[in-house]
Number of protein chains: 2
Amino acid sequence: MTGVQNGEASKAVADGPARRRSATATRAALRTAAAFRFGKYGYEGTSVRDIAGDVGVDAALVYRYFGSKEALFNDVTGAGKIFEPLLQEPVEAIPDWLCAMLLGAPKDGDFTHPVLSVLRSSGRDEAVARLRADFSEVFSTRLAARLGGPDADLRAELLAAWMLGTSLVLTEIRPPALRSAPDDKLEKYLRSVIETLLGPTACDGVTPQVGEVD
Amino acid sequence: MTGVQNGEASKAVADGPARRRSATATRAALRTAAAFRFGKYGYEGTSVRDIAGDVGVDAALVYRYFGSKEALFNDVTGAGKIFEPLLQEPVEAIPDWLCAMLLGAPKDGDFTHPVLSVLRSSGRDEAVARLRADFSEVFSTRLAARLGGPDADLRAELLAAWMLGTSLVLTEIRPPALRSAPDDKLEKYLRSVIETLLGPTACDGVTPQVGEVD
DNA sequence: AACGCAAGTCAACGATTGATGACAACGATC
DNA sequence: GATCGTTGTCATCAATCGTTGACTTGCGTT
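Notes on the structure follow. (Residues numbered from 1 in each chain as written. Chains lettered and ligands numbered in written order. Predicted model: local features only at pLDDT ≥ 70, side-chain atom pairs only at ≥ 80, totals over all residues. Heavy atoms only, no water.)

On to the relation of the copies chain A and chain B. With an RMSD of 0.1 Å, chain A superimposes on chain B once it is rotated by 180 degrees and translated 0.1 Å along the axis. Both copies of the chain, as the preceding transformation shows, are related through a two-fold rotation axis. Closest approach to the rotation axis among the C-alpha atoms of chain A is made by A:G165, whose C-alpha sits 1.7 Å away. A share of 100% of interface residues in chain A that are also interface residues in chain B marks the association as one of identical surfaces. (Least-squares fit on C-alpha atoms with pLDDT ≥ 70 in both. Contact = heavy atoms within 4.5 Å.)

Put into C-alpha cells, the structure is as follows:
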C-alpha cells in the first residue's frame, strides 16, 4: 500500500500463470494473498488493491467474491480454529506435538504467526473476540479437561501463553541464540518447561534437568 | 479513524482543561495520546487527526512539533528501551521482579502491551528492527551474561519468550482462569517456570512443586 | 454461428489520509 | 499600548482508501 513493499505476488499467487477464468481458483488465490498481506501488514496496512494486485486481478473482484474487505478478513482469519490441531493429539503426545510445532516453525521472515495476524489487525473487534473465544474454548476448557489434575484450566492457559510467546519470538524476533541453537539442545529446554506446566504425569519418563544439556 | 472509537481523550490528555499556550505541555500530551493510539490501533490504524483530536488541538501541530507521523511514532516507541527495567535488578531479584511485573499487569482492556504496540504496527520496519535489536541486546547479551551457566544466552531468550507470551495473554487475551486466579496461586506457577528456565541457582530457596498448590 | 451467463475490467464516487503554508490569537517585552 | 515571537487554527492539496455499477471479454451450450 505504501508502495515500498512490492514483488510479493510470487509468494501469494502460488500457482502457474494460466489460472484465468476460474472462479474457485481466483477465490482461493485471493484468500491466500489476503492471508499473507493481513498477516504481514495487518488489516489497516493492507489495501484491497494490494491483494488483488498480488493475484493479478482487479480489486472489484474482491467485492464480487467476498462482499467487503472486512468479510474477506473474517473469512481468512476465521477459517478453522487457529488452535484446533493441538486437540487432535492424544494427551501423552502433547509434549511431542508442541516440540515438533515449535521446532518446525519457519525461521525466515516470510511467515507470520496466525495469532499475530489477528493481534496485529487490531480495531477488528470481531476478530479479536473470536481469538479470545477460540483460546478459551480450546485451552481453558477442552485442553484443561484432558489434562486433569489441580488447576487444570490455569495450567492449560499458562502452557498456551508460554507456547504463544515462544512461537512468537521464534518466528518474529528470531534472536541469535534461538536461531542458531541445534534442535536437540533446544528441545531439551522446551521439554523441561512443558513438563513443569503439564505436570509429571503428562511427560513420558525421564526428567531432563536444565544445566546438564550437552 | 473509523469514527467508531471515540471518547478516549479523557484517557490520553491526562491534565486539566487549562493547558493552552504551553508548547512543552502540548508536546507531552501529543506524545501520550500517540502512545495510546498507536498501541491500541497500530500505526496504520491511527490518524494524525485522531491524536490531535484527543488532545483537543489541530493536527497541524503534530507536524510542527514532530515533523511527520512516522517521526512521532519513532519518538514514542523508541523512547527508552522497552525491556530496560529488567536489567536494573540484581540477579537474585529477577524472579521477584518478573512475578511482580506479570501479576501487576493491568487486566482491563485499556492497556496495551508495549511490545505488541510495536508488533501491531508492522510495516514500520524501523520500529520492528529496533525491537529486535533491543531484545537481543537486553536478553541475549546482557541478561545472559548475568545469568551465567550453560547456554546462558539460550536460556535468557527462552525466559524472555515465556515472559512475553505470558504478559501478552494476561493483557490481551485475558482468559477466564488467569483472570480469576488469586495472585498467590498464580505466583507459584509463575515461579516454577522461572526456576526451570533460570536454573536452581537463581531461585531463592524452596522448590515449589506443580500440583501441590493450595 | 449465435446466444447467454460467468469472469474480469474500468472509471468513477465520496471519504479520509498525510502534509503544507498562510493566517489569527495569545502573551511577554519594551 | 504597540511590537513581536510563539502557539494554534484554517483551508487546502494530492494521494489513496473502500466501494459501486456499467462495461467488456471469454467460454460453454445449443
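So much for the structure itself; the text now carries on.
This brings us to the packing of helix α9 (residues 152-173) of chain A against helix α11 (residues 183-198) of chain B. It is the contact of α9(A) with α11(B), at a shortest axis distance of 11 Å, that shows an interaxial angle of 45 degrees. Judged by the inter-axis angle, α9(A) sits oblique to α11(B). The chirality of how α9(A) crosses α11(B) is right-handed. When α9(A) is examined against α11(B), the residues A:L154, A:R155 and A:L158 are found in contact with a partner set consisting of B:K185, B:L186, B:Y189 and B:L190. (Axes fitted to C-alpha atoms, helices over the stretch in contact; angles between N-to-C directions. Helix = DSSP H or I, 4+ residues; strand = E, 2+ residues; numbered from the N terminus. Parallel < 35°, antiparallel > 145°, perpendicular 65-115°, else oblique. Left-handed = near helix turned anticlockwise from the far one by under 90°.)

Throughout the structure, instances matching the rule amount to 14 salt bridges over all chains. Residues B:K185 and A:D151 are paired through a salt bridge, measuring 3.0 Å at the closest nitrogen-oxygen approach. Highlighted residues: B:K185 in helix α11 and A:D151 in the loop between α8 (125-147) and α9, drawn from two different chains. Take B:K185 and A:D151: they sit in the same class, and that class is buried. Among the salt bridges present, the one from B:R37 reaches B:D54, with a minimum N-O distance of 2.8 Å. (Salt bridge = Lys/Arg side-chain N within 4 Å of Asp/Glu carboxyl O. Buried < 20%, exposed > 50% of the residue type's maximum accessible area, 1.4 Å probe, protein only.)

Our focus in this paragraph is the protein's contact with DNA strand D. Taken together, 21 residues lie near DNA strand D, and A:Y63, A:K69, B:R21, B:D58 and B:R64 sit nearest. By atom count, sugar and phosphate contribute 53% of the portion of DNA strand D lying within 4 Å of the protein. One of the backbone N or O atoms of A:T46 is found 3.4 Å from a phosphate oxygen in DNA strand D. Within the side chain of B:T26, an N or O atom sits 2.9 Å from a phosphate oxygen of DNA strand D. Elements that contribute at least two residues to the surface near DNA strand D include exactly α3 (48-55) and α4 (60-66) of chain A together with α2 (23-41) and α4 (60-66) of chain B. Of all the elements, α4(B) adds the most residues to the surface near DNA strand D, at four residues. (Near = heavy atom within 4 Å. Polar contact = N/O pair within 3.5 Å; in protein donor to acceptor, adjacent residues only side chain to side chain.)

We now examine the packing of aromatic side chains. Evaluated as defined, the whole model comprises eight aromatic pairs over all chains. Considering the side-chain rings of A:F38 and A:F73, the 5.0 Å spacing of their centres and the 85 degrees angle between planes classify their relative orientation as edge-to-face. Separated by 35 residues along the polypeptide, A:F38 in helix α2 (residues 23-41) and A:F73 in helix α5 (residues 69-78) bring together distant segments of the chain. With relative accessibility at 0%, the residue A:F73 sits in the buried group. Their ring planes at 50 degrees and their centres at 4.9 Å tell us that B:F135 and B:F139 sit as a pair that is tilted. Of the two residues, B:F135 and B:F139 both sit in helix α8 (residues 125-147), four residues apart, roughly one turn of that helix. Put simply, the rings of A:F38, A:Y43 and A:F73 pair up and form one aromatic cluster. A cation sits over an aromatic face here: A:K69 above A:Y43, 4.2 Å from the ring centre. For the cation-ring pair, B:R27 lies above B:F66, with the distance from its terminal atom to the ring centre recorded as 4.7 Å. (Phe/Tyr/Trp six-rings, centres within 6.5 Å; stacked < 30°, edge-to-face > 60°. Lys NZ or Arg CZ within 6 Å of the ring centre and 35° of its normal.)

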